[in-house]
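Take a look at the letters that make up each chain.
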Amino acid sequence: MNSVQGAAPTSDLTSASYHDDHLLHRLYALQQQFQHIPASSIGALAAELCLPLAQVEAVIDFYSFFHRTARGRVDLLFSNCTSCGDLSLMHDLCQRLGVVPEQTRADGAVSIGEASCIGMCDQGPALLANGRTLTQLTPLRLEQIAERIEASTPIEQWPAEWFHVHDNVRKNGLLLGTTFSTGSALVAALEKGAQTMLDEIIASGLRGRGGAGFSTGMKWKFCREATGDAHYVVCNADEGEPGTFKDRILLSSHAHAVFEGMTLCGYVIGAKKGYMYLRGEYRYMLPELLAVLERRRKLKLLGTAILGQSDFDFEIEIIVGAGAYICGEESALIESMEQKGGVPRVRPPFPVTQGFLAQPTVVNNVETLAAAAHIAVHGGGWFNAHGSDKSDGSKILSVSGDCTTPGVYEYPFGTSIQRILDDCGAEHVQAIQVGGPSGTLIAPAEFERKLAFEDLATGGSFMIYGAQRDLLHVIQNFAHFFAHESCGFCTPCRVGTTLLKNGVDKIATGHGTQYDVDELRRMAALVKRRSHCGLGQTAPNPILDLLQRFPQAFEDRLVHSDFEPHFDLDKSLQEARRLTHRDDAEAHL
Amino acid sequence: MRKVRVATTSLAGCFGCHMSFLDMDERLVGLLEHIEFSRSPINDIKHCEPCDIGLVEGALCNADNVHVLREFRQNCKILIAVGACAINGGVPAMRNHFTLEECLNEAFLDEIGVDNPHIPNDVEIPLLLSKVHPLHEVVHVDYYLPGCPPPADAFVKIITDLLEGKEPSLPREILHYD
């Protein structure tokens, strides 16, 4: 292993917009080369990047895609999302290949584990094979995968069509249905000037599409007015909320609009540098995104003197994440950009005054930036002619779950939930999780509610659960998700999400009593109220929603006694019985 | 007036909580006007009688701990988990990072200087649970008295509150450790 000391950067992707000197990128390269981060390489890497050793160590431990011990030469990560995951397929493959989940097979050929939602909910079940996406898995496909693993066929030689990701756009709306002419937003911006353009964005009523819904124009205004050595634009493409995949379509088919939105923002706020933070699960799109950026450079839409304006310089760099849901939170994302673990900052100060490198920074969702580019061309009035009172424009939804046509749908705000269900062919619907696990679980009685910030807000996730689904099982999945994704910084979330998970598990496995339900409710309230950031503050939502709307889902599983232990006491003595060869009456509980 | 009956015991603990209990010093004398002890290391009564308050120190590491805890739960109207081990597993739970087999091998087979290496298996010795657990995972616990150990003032406060028929509440000074 000593040979890896000072290992050269191995990425062949180095370009003006993807830098090999970013810690996440170097660790990714090491992980690809050695299937883990060799201990002997860490010191040299820290020295080379001029980072404290402790910071490099912490980053390796923080992100799911970096490992201390070797994964298999083929490392398969099955999505465990309720829409794009099917763990029974994973267990079948484990059995077929003689692999224990999360343990590398003795010959080093293969390892199999789980990943949080990988954004393929419209074409699941899906997995990541050495970071590359395979969709629409079937038992036959897994059989073929197993054969190739046993034959030591490198992933690069697996059939290319296995890795094909479909767009599945089912319904075009205001954004997806309007052709965007490359460069048109910047031409319009230069005609109008920065201040007028800012006023246009404010007038459009555009609000952040990531879910929180803060006024985009006001965010740009605050950042433009903030003083600093430099200003930055960040595109949050860390689409990690389970059930969300609408940014995937924007990045694969509308990348020019997204990058142009970033450049437009740079023009308005006076930034010369923009970053796109792309989730690690979408790394497969990186080559194409870099190619788009290169084309934009050639078209003088990026780089120095954009469109011949000597004072308009703007560069875009892409940073790729490494499997951490929390990095979708804007301040955690900035920490990650700064080569640290994604631990959310205390806010205020907000990024608009102290963001990346403590400079004024706008962090916007992919869809927000694409919308801004369209608004620059067509005007705020074109945009806010659509939508509801407090929610202007349209929303791009990722519809998945129990329906005939999962995919991407764009609707004006104010559209009813029932309309969406009718369009996607969803019948006998039991419940819908709107806005992902951190959003709202609604029952059929609420299907006339509206898609809007003032009613049902969503970052884009729309997961449908049919009558045959066990809702407690769904909520159990979410509880595991949050416990896994908690960054561990604050105690209410770190400990609380695990206690919530344990509580739901206990009830789901038929060992819960009314006392456990009451405890779950109490703990949920505490975690929601006391957590540091949005993750902990929303993690109890699915549990509270299920308790409120589907109490029967819990009651059906309860044991009618005052108290049930949290574990099987007699089983807990089994190991001791084996070691002492005892089986007398006292050796049982 | 009948005195309030209190039982105390230490499971997988270090008796530090009991020492802290005794740190009530002369305040114990006043307290004894109102309370009497059932099972407790103070009087060596072996089994818990029906009681008003049970104070349990220590975590659950073996079958006997479970029996004692169940006896306390059955007999005590109010059960209080006392100290870090009872509440979280504490120091005894540090073995949870290893398997039971690793622990026993280290202690009875592999350690340097072990004479006649074998894992004790007399029926008189309670079997160890595979992991150490806090009390509330096995019985319902009414109140938690935190600390390692809880200070004598905390014992005074929780017992006095209960004697006065109030919901026990510890002031911040008692809960704030640094």
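A quick note: this is a predicted structure, and the numbers were derived from the prediction, not measured.

Draft legend 1. Highlighting the overall build of chain A. Within chain A, the secondary structure is distributed over 23 helices and 14 strands. For 589 residues, the compact-globule estimate of 2.2 N^0.38 gives 25 Å, and the C-alpha radius of gyration of chain A, at 25 Å, lies within 12% of that figure. Each principal axis of the C-alpha atoms in chain A carries an extent, and together these give about 90 × 65 × 45 Å. Split into buried and exposed, the 589 residues of chain A put 58% on the buried side. Considering only intrachain contacts with a sequence separation of at least 6, the fraction spanning at least 24 residues in chain A is 71%. Within the structure as shown, chain A displays about 22600 Å² of accessible surface, and the carbon and sulfur contribution to it stands at 51%.

Draft legend 2. Highlighting the sheet that holds strand β2 (residues 110-115) of chain A. All names here are of chain A. Overall, mixed pairing links the four strands, which are arranged β2-β1-β3-β4 in an open sheet. At either end of the open sheet lies a strand with only one pairing partner, and these are β2 and β4 (132-134). Each adjacent strand pair in this sheet contributes to an overall mean axis angle of 25°, direction not counted. Where strand β3 (residues 127-129) meets β4, three bridges bridge the pair, whose relative direction is antiparallel. If you follow A129 over to β4, its bridge partner there is R132. Across the face of the sheet, helix α4 (residues 87-97) comes into contact with β1 (74-79) and β2 while running at roughly 165° to β2. Relative to β1, helix α5 (residues 139-150) is tilted by about 160°, and along the sheet it contacts β1, β2, β3 and β4.

Draft legend 3. Looking closely at the pairing of strand β1 (residues 4-10) of chain B. Residues and elements named next belong to chain B. Most of β1 is tucked away: five of the seven residues are buried. Inspection of the sheet shows β1 paired to strand β2 (residues 35-37) by three bridges, in the parallel sense. Bridged to V6 within β2 is F37. The sheet contact formed by β1 and strand β3 (residues 51-57) spans five bridges and is parallel. Opposite A7, over in β3, you have G54 as the bridge partner.

Draft legend 4. Focus on a nonpolar patch on the surface. Residue and element names in this part refer to chain B. There is a patch of nonpolar side chains on the surface, built from M19, L22 and I42 and spanning about 280 Å² of accessible area. Tracing the sequence through the fold places I42 in the loop between β2 and β3. Assessed through its relative accessible area of 45%, I42 is described here as partly exposed.

Draft legend 5. A look at the pairing of strand β10 (residues 394-401) of chain A. Residue and element names in this part refer to chain A. Burial analysis of β10 places seven of its eight residues in the buried class, which makes it a mostly covered element. Both β10 and strand β11 (residues 407-412) contribute to a ladder of six bridges, which runs antiparallel. Bridge pairing links K395 to Y411 in β11. Hairpin connection between β10 and β11: a loop of five residues separates the two successive antiparallel strands.

What counts, and at which threshold
- Residues numbered from 1 in each chain as written.
- Chains lettered and ligands numbered in written order.
- Predicted model: local features only at pLDDT ≥ 70, side-chain atom pairs only at ≥ 80, totals over all residues.
- Heavy atoms only, no water.
- Helix = DSSP H or I, 4+ residues; strand = E, 2+ residues; numbered from the N terminus.
- Rg over C-alpha atoms; globule rule 2.2 N^0.38 Å.
- Buried < 20%, exposed > 50% of the residue type's maximum accessible area, 1.4 Å probe, protein only.
- Contact = heavy atoms within 4.5 Å.
- Areas by Shrake-Rupley, 256 points an atom, 1.4 Å probe, with all protein chains shown as cover.
- Pairing = 2+ DSSP bridges.
- Axes fitted to C-alpha atoms, helices over the stretch in contact; angles between N-to-C directions.
- Patch = residues over 30% accessible without salt bridge, like charges linked within 9 Å, V, L, I, M, F, W, Y side chains within 5 Å.
- Salt bridge = Lys/Arg side-chain N within 4 Å of Asp/Glu carboxyl O.

So far we have only geometry, and geometry alone does not tell us how the molecule works.
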